[in-house]
Number of protein chains: 2
Amino acid sequence: MSVTAPLGFTAAGVTAGLKPSGTKDLALVVNEGPSTAVAAVYTSNRCKANPVIWSEQVSATGHARAVVLNSGGANCYTGDFGFATTQLTAEETATLLTDAGTPTSADEILICSTGLIGVGGEEFRSGILDHLPELVAAAEDSVTGGENAAEAIMTTDTVAKTATRDGEGYTIGGMAKGAGMLAPGLATMLVVITTDAPLDQPVLDAALRKATHSTFDRLDTDGCMSTNDTVILMSSGAADTSVDSTEFEHLLGELCHDLMRQLHIDAEGAHHDIAITTRGAASEDDALTVSRSVGRSNLFKAAIFGEDPNWGRVVAQVGTTSAEFDPTTIDVTINGVEVCRASGPFADPAEVVFGREVDVVIDLHAGDATATVWTSDLTHDYVEENSAYST
Amino acid sequence: MSVTAPLGFTAAGVTAGLKPSGTKDLALVVNEGPSTAVAAVYTSNRCKANPVIWSEQVSATGHARAVVLNSGGANCYTGDFGFATTQLTAEETATLLTDAGTPTSADEILICSTGLIGVGGEEFRSGILDHLPELVAAAEDSVTGGENAAEAIMTTDTVAKTATRDGEGYTIGGMAKGAGMLAPGLATMLVVITTDAPLDQPVLDAALRKATHSTFDRLDTDGCMSTNDTVILMSSGAADTSVDSTEFEHLLGELCHDLMRQLHIDAEGAHHDIAITTRGAASEDDALTVSRSVGRSNLFKAAIFGEDPNWGRVVAQVGTTSAEFDPTTIDVTINGVEVCRASGPFADPAEVVFGREVDVVIDLHAGDATATVWTSDLTHDYVEENSAYST
């Protein structure tokens, strides 16, 4: 059901010819209200794509009627022409929605693009604009619109990612795309989350920031930060219920974690899904810094691909951080085997049993804080996929 | 000739059985004076190996008689036993040199180790201590000692790295090892440089820091920082000449650049040797930050492996830095072809011709500063070598 699970949302996904594969590449999610509250977080990359520059202005108003998303081109670093394409897309979509009976202005339309940087020329523009009428019409009668939209935003993803959660009288639905270039800068991929929970915009905004902080922000498959990342949460307010905001925050956190894990296990070329937990840290920031630093070590990631419990590459990476710790008291546990205790060899590394999931726990013995970062191993498939992507 | 090119130095390399390959793995460089001035820079990794902890104390005195180096074990995170091994090695070497006619104390002996973290147990200790007499004897009569020493410090290096430079009446010689885990933290590998130039310790120290800052510090093959990196410069003062310190600095810089490039082209699994120059930066720090950031992008490195001039992955990485720039005015030139101008597509990427050397120039148009970082592409061979290293 994806983004159409909550009351008040329609969606569609069509083929606009943006992707050489000829699969769906243009998606729409419409919020029919009564509320049009929206919250969003974006990449912190300073080289932002045109749709991010546009959408930041839209979501700053706290209201949005719809999101148009495309794969097959990031419309990033495509100049004034690229920005004009984003604006024309918003204007045309607003006109079509208005004609269909939902009065809408262009500044209520969020835009998300994904694909290659530098792609956003004439063909890209006409591909989108020419197919907007079909897209808007498809959303009006959308039994499978949620699934189609989730498919249309896929790039190197091998499966569509969707999730739903049910609260007391309301529902949250979400879709996500992203298989590479996953590293945080607030948000880390394209994600649209919908709910019919009647919540005010500031509540939605706080809940979204809290949820992304401990989920999408901690997925770091290859250390590379996208120019287009966006996570959007829209509320239609169509559910006739009174919502407990604590429960909502909890369910939204669960849904974000669910989508994050779907992105994680579908990461480009990954053979192992690695969770790196740093505990005993002086602060959550320290724990996060250490986990993230280890998660970005190519030597560590290659060792895990080779199923080598190489704790030396873990401590070498810990040592590059400015976190608070005593270099002589670090413990490292891999899949339950404490291979390093007090910064020295301990259990026999041969005892470590490897499966798809790899669990690394680093204890700094410097405090009580903890944080987990999720990453992938460095594999031949990752190299293959990313050395041949644009050719 | 390596480290024995200057007057006043002897060297040796023998097999102590530390490496399963049975090749040379224990090296010695002795400074016979009259001066014993030394300068050294070390890894800035906070998880330091025992030999680094030891040698930092020795070089702080400004004087050293000899360096003992081993491959086949990093003696890092091996506890008190490992530190005692380092100390015993220094004591035994001092005794042997004294017996051979060169009065020496343990606190004049620098120690360097390289190999796997966590390796430094009984076998490692006895392997070294048992072979010190042979090592010291070999250095006494050392026509090929410099070559043997350079061989003995190799780990995954495919060739021994040596270089010499001749000044007005004096010589500089050097040897280096390092093929992976090359990322800067002051020094980035094991390097021993010798000279007979009669220069005071503060002059040597300043010259070494200046030279490493623009050479070894800017080689970043895989973003991983070692726990053992050390660069040592020893002067025997045996040349009977008056040295122009500017010329010395220049030659030392050349020699360090030469050794750095030898490390670069022998980097684990590399198919392309990449130089990333950022120009038009507001400061040298900004230029360095941008070049280094691009050099650490796995997506960019994989694209170069695939000979894909993917400038989008360059600008996406530039955007993650805090350097001063306007996101709309960035130029990117790859092997002489300006594929991106003013943050948009410009020359046809198909015009880029790839060879082993890849030259990337980023112009920020924010000032006059420039800096180059050298890195390698991300290849199947890198993954293969580093997923199977310790098994």
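Going by an unreviewed UniProt entry, chain A carries the name Arginine biosynthesis bifunctional protein ArgJ and comes from Brevibacterium casei S18. The UniProt entry for chain A carries this comment under Subunit (unreviewed entry): "Heterotetramer of two alpha and two beta chains." Per UniProt, chain A has the following entry under Function (unreviewed entry): "Catalyzes two activities which are involved in the cyclic version of arginine biosynthesis: the synthesis of N-acetylglutamate from glutamate and acetyl-CoA as the acetyl donor, and of ornithine by transacetylation between N(2)-acetylornithine and glutamate."

Attention now goes to the UniProt feature "binding site: substrate" (unreviewed entry) in chain A. Here the UniProt feature "binding site: substrate" (unreviewed entry) sits at T155, K177, T188, E268, N386 and T391 of chain A. Inspection of the secondary structure assignment puts E268 of chain A in the loop between α6 (245-265) and β10 (273-281). Along the chain, the position of N386 of chain A falls in helix α10 (residues 380-387). Setting aside anything within four residues of it in sequence, one finds N386 of chain A in contact with E268 of chain A together with L299, A302, A303 and R313 of chain B.

Another point: the side chain of Q262 of chain B. Tracing the backbone shows Q262 of chain B in helix α6 (residues 245-265). Separated by 2.9 Å, the side chain of Q262 of chain B and the backbone oxygen of T162 of chain B make a polar contact.

Our focus in this paragraph is unusual backbone geometry. All names here are of chain A. Cis geometry is found at the peptide bond from G33 to P34, where omega equals 15 degrees. With respect to the helices, strands and loops of the structure, P34 is situated in the loop between β2 (26-31) and β3 (37-42). A positive phi angle is found at E307, which is not glycine, with a value near 50 degrees. Position of E307 among the secondary structure elements: in the loop between α8 (298-305) and α9 (311-318). Among the residues examined, E307 registers a relative accessible area of 37% and is labelled partly exposed.

After a rotation of 180 degrees and a shift along the axis of 0.0 Å, chain B superposes on chain A with an RMSD of 0.0 Å. This pairing of chains is accounted for by a two-fold axis. Distance from the rotation axis, computed per C-alpha, reaches its smallest value in chain B at H380 of chain B: 2.7 Å. The fraction of interface residues of chain B whose copies in chain A are also interface residues reaches 100%, indicating that both copies meet through the same surface.

We now examine the nonpolar core. The nonpolar side chains of soluble globular proteins are, as a tendency, buried together. Within the largest apolar cluster, 86 residues are counted, with the highest numbers of intra-cluster contacts made by V332 and I362 of chain A together with L69 of chain B. When residues no more than four places from it in sequence are discounted, the contact partners of L69 of chain B are D25, L26, A27, V29, C112, I153, M175, L190 and V192 of chain B. Listed in part, the 85 residues of the second largest apolar core include V3, V68 and A94 of chain A together with V314 of chain B.

Here the focus is helix α5 (residues 201-213) of chain B. The α-helix advances 3.6 residues per turn, and as a result positions three or four apart in sequence lie on the same side. Residues and elements named next belong to chain B. Spanning 13 residues, α5 covers 18 Å between terminal C-alpha atoms, matching the ideal 18 Å at 1.5 Å per step. Every buried residue of α5 is listed here: L204, A207, L208, A211 and T212. In a view along the axis of α5, the buried residues occupy a sector of 120 degrees, so they form one face of it. Of the exposed residues in α5, those oriented more than 90 degrees away from the buried face are P202 and K210. For α5, the elements touching its buried residues are β3 (37-42), β8 (190-195), β9 (230-235) and α6.

Attention now goes to the environment of A350 of chain A. Residue and element names in this part refer to chain A. Looking at the secondary structure, you find A350 in the loop between β13 (344-345) and β14 (357-363). For A350, a relative accessible area of 64% gives the class exposed. Sequence separation between A350 and N148 is 202 residues; the distance between their C-alpha atoms is 47 Å.

Contacts between the two partners involve 51 residues from chain B, matched on the other side by 51 residues from chain A. Taken over both partners, the interface formed by chain B and chain A buries close to 4100 Å², and the fraction arising from carbon and sulfur atoms is 60%. On the chain B side of the interface with chain A, the three residues burying the most area are R46, Y77 and L299 of chain B, jointly 18% of the side's total. Taken together, chain B and chain A are joined by zero salt bridges. The interface formed by chain B and chain A includes six residue pairs in polar contact (both at pLDDT 80 or more). Those elements that place two or more of their residues in the side of chain B that touches chain A are α8 (298-305), α9 (311-318), β13 (344-345) and α10 (380-387) of chain B. Of the residues assigned to the side of chain B that touches chain A, the class counts are 23 nonpolar, 23 polar and five charged.

Moving on, we come to the sheet that holds strand β2 (residues 26-31) of chain B. Residue and element names in this part refer to chain B. Strand order in the open sheet formed by four strands is β1-β2-β4-β5, with mixed pairing between adjacent strands. Sheet topology places β1 (9-14) and β5 (109-113) at the edges, where each strand pairs with a single neighbour. Taking each pair of neighbouring strands and ignoring which way they run, the sheet shows an average axis angle of 10 degrees. Sheet analysis places strand β4 (residues 66-70) next to β5, joined by five bridges and oriented parallel.

With that settled, consider the sheet that holds strand β8 (residues 190-195) of chain A. Residues and elements named next belong to chain A. The five strands are arranged β3-β9-β8-β7-β6 in an open sheet whose pairing can be described as mixed. Two strands lie at the open edges of the sheet, namely β3 and β6 (161-166), each paired on one side alone. With direction set aside, neighbouring strand axes in the sheet form an average angle of 10 degrees. Examined bridge by bridge, β3 and strand β9 (residues 230-235) share six bridges and lie antiparallel to one another. Within β9, the residue paired with A40 across the bridge is I232. In this fold α6 packs onto β6, β7 (171-177), β8 and β9, with an angle of close to 160 degrees to the strand it touches most, β6.

All names here are of chain A. With their axes 9 Å apart at the nearest point, helix α7 (residues 284-295) and α9 run at an angle of 130 degrees to one another. The pairing of α7 with α9 is recorded here as oblique in orientation. In the crossing of α7 with α9, the sense of the turn from one axis to the other is right-handed. Contacts from V290, S293 and V294 of α7 reach α9 at V314, Q317 and V318. Looking at the contact of α7 with α9 residue by residue, the class counts come to four nonpolar, two polar and no charged.

Here is what the cut-offs are and how they apply
- Residues numbered from 1 in each chain as written.
- Chains lettered and ligands numbered in written order.
- Predicted model: local features only at pLDDT ≥ 70, side-chain atom pairs only at ≥ 80, totals over all residues.
- Heavy atoms only, no water.
- UniProt positions renumbered as here; feature names shortened; annotations may be inferred.
- Helix = DSSP H or I, 4+ residues; strand = E, 2+ residues; numbered from the N terminus.
- Contact = heavy atoms within 4.5 Å.
- Polar contact = N/O pair within 3.5 Å; in protein donor to acceptor, adjacent residues only side chain to side chain.
- Buried < 20%, exposed > 50% of the residue type's maximum accessible area, 1.4 Å probe, protein only.
- Least-squares fit on C-alpha atoms with pLDDT ≥ 70 in both.
- Core = buried A, V, L, I, M, F, W, Y, C linked by side-chain atoms within 4.5 Å.
- Expected span 1.5 Å × (residues − 1).
- Arc of directions from axis to C-beta.
- Buried area = accessible area lost by both parts, 1.4 Å probe.
- Salt bridge = Lys/Arg side-chain N within 4 Å of Asp/Glu carboxyl O.
- Nonpolar A, V, L, I, M, F, W, Y, C, P; charged D, E, K, R; others polar.
- Pairing = 2+ DSSP bridges.
- Axes fitted to C-alpha atoms, helices over the stretch in contact; angles between N-to-C directions.
- Parallel < 35°, antiparallel > 145°, perpendicular 65-115°, else oblique.
- Left-handed = near helix turned anticlockwise from the far one by under 90°.

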